[in-house]
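What the coordinates show
Residues per chain, in single letters:
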Amino acid sequence: MQHAKVPLNRAILDYFVELYMVVAPHDSLSSKVKSALMRWRGAIVGKRTKIWRDVWVDDFRNLTLGDDITIGKSVMFICGGEIKIGSCVMIGHGAKVVSSGHRMPNDPGEQMRFSGPESAPIIIENDVWICAGATILPGVKIGCGAIVAAGAVVTRNVEPYSVVGGVPATLIRMRKC
């Protein structure tokens, strides 16, 4: 498999964007610059987005962020499938939102490495809190007002206003609203 050749000037600019995302602090000006750079790379980014240091996105074109979002330090977005995040969402330090990965081979003779990609969109609705170190896997929808506990691995949809945690994530309780 041969990859498309990226023009040198585009590759250099992409490296500078990645470098800025890693080293810039999380002050208001830096967040505005990061948001502008994400838009330039193809993401849809709402207003008043706060982006901490070392946020990594593999394909900005498949990322949509609403208004008033906070993205913690060292958050990773794997956007092979589309990722849509509503407004007033908090994503804690070290969380991973992974919309694609390798397909599990069906044929015993097929090598895992060459089994090909598999992706499914992730939707995170408004007023959600993804706590530190949580992982959201492909095809998941997290309902409005839900909380995903620290370190949880979400493999299935999360109902609105529920609190989930564990590996795999299960219902802990419903929030009182």
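Refer to the structure printed above.
All of these numbers come straight from a predicted model, not from anything done at the bench.

Here we take up the overall build of the protein chain. Looking only at helices and strands, the protein chain features two helices and 19 strands. Against the 2.2 N^0.38 benchmark of 16 Å for 177 residues, the protein chain shows a C-alpha radius of gyration of 17 Å, consistent with a compact globule. Overall, the protein chain is about 55 × 55 × 20 Å in size when its C-alpha atoms are taken along their principal axes. The buried share among the 177 residues of the protein chain stands at 38%. Pairs at least 24 residues apart make up 23% of the contacts formed inside the protein chain by residues separated by at least 6 positions. For the protein chain, the accessible area works out to roughly 10,100 Å², and carbon and sulfur atoms hold 60% of it. Charge separation in the protein chain, taken as the distance between the mean sites of 21 positive and 15 negative side-chain charges, equals 5 Å.

With that settled, consider the sheet that holds strand E9 (residues 96–98). Sheet strands associate in pairs through backbone hydrogen bonding, adopting either a parallel or an antiparallel arrangement. Taken together, the five strands give an open sheet; going across it, the order is E3-E6-E9-E14-E17, and neighbouring strands pair in parallel fashion. Strand pairing shows two members of the sheet lacking a second neighbour, strand E3 (56–57) and strand E17 (153–154), which therefore form its edges. Bridge count for strand E14 (residues 135–136) against E17 is two bridges, and the pairing is parallel. Bridged to isoleucine 136 within E17 is valine 154.

Attention now goes to unusual backbone geometry. Across the junction of valine 167 and proline 168, the peptide omega takes the value -10°, indicating a cis bond. Here proline 168 shows up in the loop between strand E18 (162–165) and strand E19 (170–174). For serine 74, which is not glycine, the phi dihedral falls at a positive 60°. Within the element layout of this structure, serine 74 appears in the loop between strand E5 (70–71) and strand E6 (76–78).

Within the fold, threonine 49 resides in the loop between strand E1 (44–45) and strand E2 (50–51). Taking relative accessible area as the criterion, threonine 49 reaches 7% and is therefore assigned buried. At 3.3 Å, the side chain of threonine 49 forms a polar contact with the backbone oxygen of glycine 46. Among residues more than four places away in sequence, those in contact with threonine 49 are Ser31, Ser35, Gly66 and Ile69.

Burial of nonpolar side chains together is a common tendency in soluble globular proteins. Grouped together as the largest cluster of nonpolar side chains are 37 residues, with contacts concentrated most on Met38, Phe77 and Ile142. Those residues within four positions of methionine 38 in sequence are excluded, and the remaining contacts are Met21, Ala43, Val45, Ile51, Val57, Phe60, Leu63 and Leu65.

A few words on the pairing of E19. As paired elements, E18 and E19 share four bridges and run antiparallel to each other. Each residue of the ladder has a partner; that of serine 162, found in E19, is methionine 174.

In this section: the sheet that holds strand E13 (residues 129–130). Strand order in this open sheet of seven strands is E2-E5-E8-E13-E16-E18-E19, and the pairing throughout is mixed. Looking at strand neighbours, the two that pair on one side only are E2 and E19, the edges of this open sheet. Relative to E13, strand E8 (residues 90–91) is paired through two bridges, and the arrangement is parallel. Bridge pairing in E13 places methionine 90 opposite tryptophan 129.

What counts and what doesn't
- Residues numbered from 1 in each chain as written.
- Predicted model: local features only at pLDDT ≥ 70, side-chain atom pairs only at ≥ 80, totals over all residues.
- Heavy atoms only, no water.
- Helix = DSSP H or I, 4+ residues; strand = E, 2+ residues; numbered from the N terminus.
- Rg over C-alpha atoms; globule rule 2.2 N^0.38 Å.
- Buried < 20%, exposed > 50% of the residue type's maximum accessible area, 1.4 Å probe, protein only.
- Contact = heavy atoms within 4.5 Å.
- Areas by Shrake-Rupley, 256 points an atom, 1.4 Å probe, with all protein chains shown as cover.
- Lys, Arg positive; Asp, Glu negative; His and termini not counted.
- Charge placed at Lys NZ, Arg CZ, Asp CG, Glu CD.
- Pairing = 2+ DSSP bridges.
- Polar contact = N/O pair within 3.5 Å; in protein donor to acceptor, adjacent residues only side chain to side chain.
- Core = buried A, V, L, I, M, F, W, Y, C linked by side-chain atoms within 4.5 Å.

So far we have only geometry, and geometry alone does not tell us how the molecule works.
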